[in-house]
Amino acid sequence: MTPLLKVENVSKYYGNRLGCRDVSFELYPGEVLGIVGESGSGKSTLLNCLAGHLEPDTGEVVFDTRANGPKDTVTMSEPERRMLSRTDWAFVHQNPRDGLRMSVSAGGNVGERLMAVGARHYGNIRSTAIDWLDKVEINEDRTDDRPSEFSGGMQQRLQIARNLVTGPRLIFMDEPTGGLDVSVQARLLDLLRGLVRELGLSAIVVTHDLAVVRLLADRLMVMKDGHVIETGLTDQVLDDPQHGYTQLLVSSVLQV
Amino acid sequence: MNTEYNFAYLDEQTKRMIRRALLKGVAIPGYQVPFASREMPMPYGWGTGGVQVTAACLVPDDILKVIDQGADDTTNAVSIRKFFEKTGGVKVTEETAKATVIQTRHRIPEAALTEGQILVYQVPIPEPLRFLEPSEVETRKMHALEEYGLMHVKLYEDIARHGHIATSYAYPVKIEGRYVMDPSPIPKFDNPKMEMAALQLFGAGREQRIYALPPYTQVVSLDFEDYPFEKGGAQQACGLCAAEDAYLDEVIMDDAGTRMFVCSDTDYCRVRREAGHIGEMGVPLAEDAA
Amino acid sequence: MINIKNVSKNFTLHNQNSVEIPVMENANLTVKPGECVGLTGASGAGKSTLMRMVYGNYLTQAGRIMVGDLDIVTALPRQILELRRETLGYVSQFLRVVPRVPTLDVVSEPMLAVGVSRDAAHERARELLTKLRIPERLWQLSPLTFSGGEQQRVNIARGFAHEYPAMLLDEPTASLDVANRETVLSLIEDAKARGAAIIGIFHDEAARARVCDREIDVSTYTPKVV
């Protein structure tokens, strides 16, 4: 089986400051990889390097493209990379404002990616958008409302619908449940789990919430000071952590 | 002509700079060429971009016509005409057919333009993607990579909200299947006229952009398969000249709200009335003058 | 089906002066299809630890743990994930689920994961929940709101939903009443009858005697404290 994403020795520096260093891993179709670490550990830098938002200083990010098989997204042309990020990739931002057009209706937000890849039939675009709004539990009668009129949880679900409408194969998530009420978090987690299973999506989830990765991620990568210090099955890393920092991290979680 | 000014106000170096931008614009139809817009002796929003383009195009033999919303007799049109009479000594006219250079704000003349004529548009905001994507860096990249999905989002929003494409002016067009362009705030009624024999030049003074359409360039108004572009237009004939194919202005006649619709293109209306066409509320031309 | 050979495990506590605690030494165990082996030994002897090592939940420092054709000790995470999905079931003492997900869906999930249709999965889930006496009015509620005994039974229903060829059962009959205990034991017997290899921990001696073919005292593998 070809990995969907093969990351090799990715490093990123901000001047002299280290973002992340020598990160390598493989992600297979249908897998959800969690990346945990505290603020400044380099997990967001890594995610942005993988998703093409930042250019790594060294390393390869090889994606198994539909048309041409494995290709290094770092060295591919910008139009090609941007095309990927509109079609096969999705990026769910922590703050829905970063991932939505707040002045465009919910339907328009979902429809944008369709129009970006050439859809020109209003009726079809709209029915697909409504279909996806339904999948993320947003009622059809909210289709023409702007996201600024939505609650935080609804905005996040809208962002997910907007991202998934073109049937991506890899979804990047940056703290997808951060900033949401716990009750809303639970619903979102269940939604994401269902979508990942039903659509066979692969996902990379960056978070500092260990409870979130336990429920969402198959595998876990722990980062500290720009380095990956531990990887493994999520439950194994959380229940039998090998690295001192991971042990500290796991033992610091408050029990409810 | 006042000889204390260089011909047509701008110095020759500036004109050369603008001409280079114009040539580049002609070579890449619909592409926005940055240029070093000068301070002009009029405020932004009064046609500083158009005036600079006109100044760079004018030669002493030219005959200039200036219209504002189709009319030759509004303050803006009169002022710009006088400006070039004073600084360039060029001949001016109100007759579309006689003019070699026509500067316009918000309209295209009704009468078809011919080869050899130049139509100069005043443009307030040249970037059609601006209202959806505020970042200039991003919009330039979108043009470069032909990422125009966002333009359709605007039209989608129109249909979702109003049931039809409600954008009625500055209606976005695609040039020769490549660049999406803002046609300046002309009514969409004028969009089909843009595939014309004359050279069309666009100047945005405040935004420092020039773009152009060479004669007979393909100009397609964006739309959806199930909501095709419609140019729209008046439901009735001009009250003065009875024209049924012209873009009309609504005029309120009295405090009771009596209205009449007249051609926005004043020269077109005059020519028709001279030829003997009389609208419902019109009178023969001779009596009107008396 | 399950073959544990010369397996050792220790914990290193980096934040407590890197003290090393050996917990398992040279453990050996083989379970054939249709066989149920009970783990015994005092509390803290390492029964749950061994079980977690087999499930891949704990890392193993030395030895070999074969489940089917896969050596858990050296397997890649995704191989273990596939094994857990298809082959190896685990009923732990704790129910760990996404909050607010209805019980019916919780029980159906392992079946959906192996590609069973939603209708068929729900059908089987209903059957198991009925058998385990979870009142139908609770099926649309999240099990996290249930009592301890009810949660335990939902956990068992989920564990037996897909017919795994190998199963790990950690105290499946604890805190159950007589009738439900009987149901769980018959589920285990059914699993054995269809050829499942089972490792179980039962404090309930009568239950152990009824379903276990053999017993292994894990304390023989407990390293002597130095």
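Note that this is a predicted model, so its numbers are computed, not measured. (Residues numbered from 1 in each chain as written. Chains lettered and ligands numbered in written order. Predicted model: local features only at pLDDT ≥ 70, side-chain atom pairs only at ≥ 80, totals over all residues. Heavy atoms only, no water.)

### Some points on the domain arrangement of chain C
All names here are of chain C. Put simply, the test is: How far each domain reaches was decided by an automatic or database domain assignment. Throughout, a contact is declared for two residues whenever any of their heavy atoms are within 4.5 Å. Buried area: the sum, over both parts, of the accessible surface (1.4 Å probe) that disappears when the two are put together. What counts as a salt bridge is simple: a side-chain nitrogen of Lys or Arg found within 4 Å of a carboxyl oxygen of Asp or Glu. N or O atoms within 3.5 Å of each other form a polar contact, as long as, within protein, one can give a hydrogen and the other can take it, and as long as residues adjacent in sequence are counted only when both atoms are side-chain atoms. Labels follow the DSSP assignment, with helices taken as runs of H or I lasting at least four residues and strands as runs of E lasting at least two, numbered in each case from the N terminus.
Domain boundaries assigned for chain C yield domain 1 (1-87 + 166-175 + 185-226) and domain 2 (96-163). For domain 1 versus domain 2, the separation of C-alpha centres amounts to 25 Å. The partner domain 2 presents twelve residues to the twelve residues of domain 1 that form the contact. For domain 1, the biggest contributors to the area lost against domain 2 are Arg85, Leu187 and Arg194; these three give 51% of the whole. At the boundary of domain 1 and domain 2, one finds zero salt bridges. Across the contact surface, domain 1 and domain 2 share three residue pairs in polar contact (both at pLDDT 80 or more). Of all elements in the fold, only helix 2 (77-86), strand 7 (166-170) and helix 6 (178-193) reach the threshold of two or more residues within the side of domain 1 that touches domain 2.

### Considering the interface of chain B and chain A
By convention, interface size is frequently given as the accessible area that disappears when the constituent parts associate. Using the following cut-off: All residues other than Ala, Val, Leu, Ile, Met, Phe, Trp, Tyr, Cys, Pro, Asp, Glu, Lys and Arg, Gly among them, are scored as polar; the first ten of these are nonpolar and the last four charged.
Listed per partner, the contact involves 21 residues of chain B and 22 residues of chain A. For the chain B and chain A pair, buried surface summed over both sides reaches about 1900 Å², with 56% attributable to carbon and sulfur atoms. Counting across the interface, chain B meets chain A through five salt bridges. A:Glu78 serves as the salt-bridge partner of B:Lys141, at 3.2 Å between the closest nitrogen and oxygen. Taken together, chain B and chain A are joined by 13 residue pairs in polar contact (both at pLDDT 80 or more). Per-element tally for the side of chain B that touches chain A: the top contributor is helix 5 (residues 149-162) of chain B, with nine residues. Across the side of chain B that touches chain A, the residue classes tally to ten nonpolar, two polar and nine charged.

### Description of the layout of surface pockets
Vacant regions in the atomic arrangement are exposed by a probe of water-molecule size rolled over the atoms. Note the threshold: Cavity means a closed set of points on a 1 Å grid over the protein atoms alone, one where a 1.4 Å probe fits but cannot get out, pocket means an open set with protein on both sides within 12 Å along at least 5 of 7 lines, and lining means a residue has an atom within 4 Å of a point. Grid points are joined across faces, edges and corners, and a volume is the space filled by probe spheres set on the points.
In this structure, the second largest pocket spans a volume of roughly 990 Å³. Around the second largest pocket sit 31 residues that line it, and A:His53, A:Ser85, A:Arg86, A:Arg162 and B:Glu138 are the ones nearest its centre. Breaking the lining of the second largest pocket down by element, the ones donating at least two residues are helix 2 (78-86), strand 6 (89-92), helix 3 (96-99), helix 4 (106-116) and helix 6 (152-164) of chain A together with helix 4 (136-144) and helix 5 of chain B. Of the residues belonging to the lining of the second largest pocket, the class tally is ten nonpolar, seven polar and 14 charged. When residues are assigned to domains, the lining of the second largest pocket turns out to be shared by domain 1 (5-88 + 169-255) and domain 2 (102-167) of chain A, each giving three or more.

### Re the side chain of C:His162
Relative to the helices and strands, C:His162 resides in the loop between helix 5 (148-161) and strand 7. Ignoring any residue separated from it by four or fewer positions in sequence, one finds C:His162 in contact with C:Arg85, C:Glu86, C:Met111 and C:Val114.

### A few points about the sheet that holds strand 7 of chain C
All names here are of chain C. Basically, it comes down to this: The criterion for strand pairing is that DSSP finds at least two bridges linking the strands in question. Angles shown run from 0 to 180 degrees and are taken between the N-to-C directions of axes, each axis being a line fitted to C-alpha atoms and, for helices, limited to the stretch in contact.
In spatial order, the strands read 6-7-8-3-9; together these five strands make up an open sheet with parallel pairing. Each having just a single partner strand, strand 6 (88-91) and strand 9 (214-217) make up the two edges of the open sheet. Direction aside, neighbouring strands of the sheet carry axes that sit 20° apart on average. Taken together, the four bridges between strand 3 (residues 36-40) and strand 8 (residues 197-201) define a ladder with parallel strand orientation. By the bridge assignment, Val37 is partnered in strand 8 with Ile199. Its contacts with the sheet place helix 5 against strand 6 and strand 7, and it is angled at close to 175° to strand 6. Sheet strands in contact with helix 6 are strand 3, strand 7 and strand 8, and its direction is about 150° off that of strand 8.

### A look at helix 1 (residues 43-50) of chain A
Since the α-helix packs 3.6 residues into each turn, any two residues three or four apart lie on the same face. Residues and elements named next belong to chain A. Formally: In this scheme, a residue with accessible area under 20% of its type's maximum is buried, one over 50% is exposed, and one in between is partly exposed, where area comes from a 1.4 Å probe on protein chains only.
Of all eight residues that make up helix 1, six are buried, and the element is covered over most of its length. Listed in full, the buried residues belonging to helix 1 are Lys43, Thr45, Leu46, Leu47, Cys49 and Leu50. Immediately beyond the C-terminal end of helix 1, within one or two residues, lies Gly52, with a positive phi of roughly 85°.

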